[in-house]
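# Examining the three-dimensional arrangement
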Amino acid sequence: MSNFPKPFYRWRPHPWHGLSVGENPHEFVNCYIEITPFDLVKYEVEKETGYLKVDRPQRTSSRPPALYGFVPQTYCAERVGALMPEAKRGDHDPLDICIISERPISRGEVILDARIVGGLPMCDNEEADDKIIAIVKHDLLWDEARDLSDLPPVLVERLRHYFLTYKLVRGQENSVSIGEAYGRDHALKVLDASLADYVDHFGGS
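Residues numbered from 1 in each chain as written. Predicted model: local features only at pLDDT ≥ 70, side-chain atom pairs only at ≥ 80, totals over all residues. Heavy atoms only, no water.

### Examining the environment of D96
We count it as follows: Per the convention used, a helix needs a DSSP run of H or I reaching at least four residues, while a strand needs a run of E reaching at least two, with both numbered from the N terminus. Contact between two residues is taken to exist if any of their heavy atoms lie within 4.5 Å; hydrogens are not considered. Each polar contact in these results corresponds to two N or O atoms within 3.5 Å; when the atoms are within protein, one needs to be able to donate a hydrogen and the other to accept it, and residues that are neighboring in sequence are counted only if both atoms are side-chain atoms.
Note that D96 resides in strand 6 (residues 96-100). It is 20 Å that separates the C-alpha atoms of D96 and G204, two residues lying 108 residues apart in sequence. If we ignore the near neighbours within four places in the chain, the residues touching D96 are Y68, G69, F70, D129, D130, K131 and I132. At 3.2 Å, the side chain of D96 forms a polar contact with the side chain of Y68. Looking at D96, its side chain comes within polar contact range of the side chain of K131, at 2.6 Å.

See the structure below:
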């Protein structure tokens, strides 16, 4: 009889496919962090290996205003794209999420639980690239926030500014646009669509 705890992995699980979305993602969703507010480099999980890879140094001096990562076992494809009128498809990546925390978290490659409160409808090259906004679980300052309207507008504006500029590359035209921010109800629709897109493309667990 094995004495290993459950769940136990002999090998490091892939953060996209091997981690859980959470027992009740409408209450708290599991998040994998790629970038912290201290990073001036764009890091991204390599899809083949699951390890964090340097994508590019950021062109501007703007720092991420929140933790940034993705929700495991999500995929932005047909269903996610259909929720954004100006998009023709999803971006074929896991669902991005920004997590607000009053206490600084300076390490990437960590997992945490967060409550979804809203999102930004970002469109990049006619692809839906939503940025879900959430609050870290048990945050002492923001724990009572339940919807985007519970956050200061300037905080949402900082997120908007960061994402409008973080893909600037020398010699290339900026193809990013961001519509009006949405609240929790629509954000949960985007989450559910990404979970269904994942099952369609990768199968269920």
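After presenting the structure, the write-up continues.
### Some points on the pairing of strand 4 (residues 67-70)
Note the cut-off: Buried residues are those whose accessible area, probed at 1.4 Å on protein chains only, stays under 20% of the maximum for their type, while exposed residues exceed 50% and partly exposed ones sit between those limits. Two strands pair under a simple rule: DSSP has to find at least two bridges between them.
Residues of strand 4 alternate between two faces, with L67 and G69 on one and Y68 and F70 on the opposite face, all of them buried. In this structure, strand 4 lies alongside strand 6, joined through four bridges in antiparallel fashion. Looking at strand 6, one finds that F70 is bridged to D96.

### Quick notes on helix 3 (residues 184-202)
Applied cut-off: Helix span, as expected, comes to 1.5 Å for every residue beyond the first.
Taking 1.5 Å as the rise per residue, helix 3 with 19 residues should run 27 Å; its terminal C-alpha atoms sit 26 Å apart, in good agreement. All of the buried residues in helix 3 are R184, A187, L188, V190, L191, A193, S194, L195, D197 and Y198. Buried positions along helix 3 lie against helix 1 (78-82), strand 7 (111-120), strand 10 (131-136) and strand 12 (182-183). Once helix 3 finishes, G203 follows within two positions and takes phi at roughly 85°, a positive value.

### A look at the sheet that holds strand 11 (residues 176-178)
Let me state the cut-off plainly: Only the contacting stretch of a helix is used when fitting its axis, a line to C-alpha atoms as for every element, and angles between N-to-C directions run 0 to 180 degrees.
With mixed pairing, the four strands of this open sheet are ordered in space as 5-9-8-11. Looking at the sheet topology across the chains shown, the edges are occupied by strand 5 (89-90) and strand 11. Inspection of the sheet shows strand 8 (residues 122-124) paired to strand 9 (residues 127-128) by two bridges, in the antiparallel sense. For C123, the partnering residue across the bridge sits in strand 9 and is A128. Against the sheet, helix 2 (residues 153-165) engages strand 8 and strand 11, with an angle of about 165° to strand 11.

### So, unusual backbone geometry
Of note, the phi angle at H92 is positive, near 60°, even though the residue is not glycine. Following the sequence through the fold, H92 ends up in the loop between strand 5 and strand 6.

### Some details on the pattern of salt bridges
Selection criterion: Definition used for salt bridges: Asp or Glu carboxyl oxygen within 4 Å of a side-chain nitrogen of Lys or Arg.
On inspection of all chains with the given rule, the structure shows 13 salt bridges. Two residues, D93 and K47, come together in a salt bridge whose shortest N-O distance is 2.4 Å. Here the residue D93 occupies a position in the loop between strand 5 and strand 6, and K47 occupies one in the loop between strand 2 (41-45) and strand 3 (52-57), the gap between them amounting to 46 residues. Residue D93 is classed as partly exposed on the basis of its relative accessible area of 22%. Residue K47 is classed as partly exposed on the basis of its relative accessible area of 40%. What you see here is one network of salt bridges that share partners, running through R79, D197 and D200.

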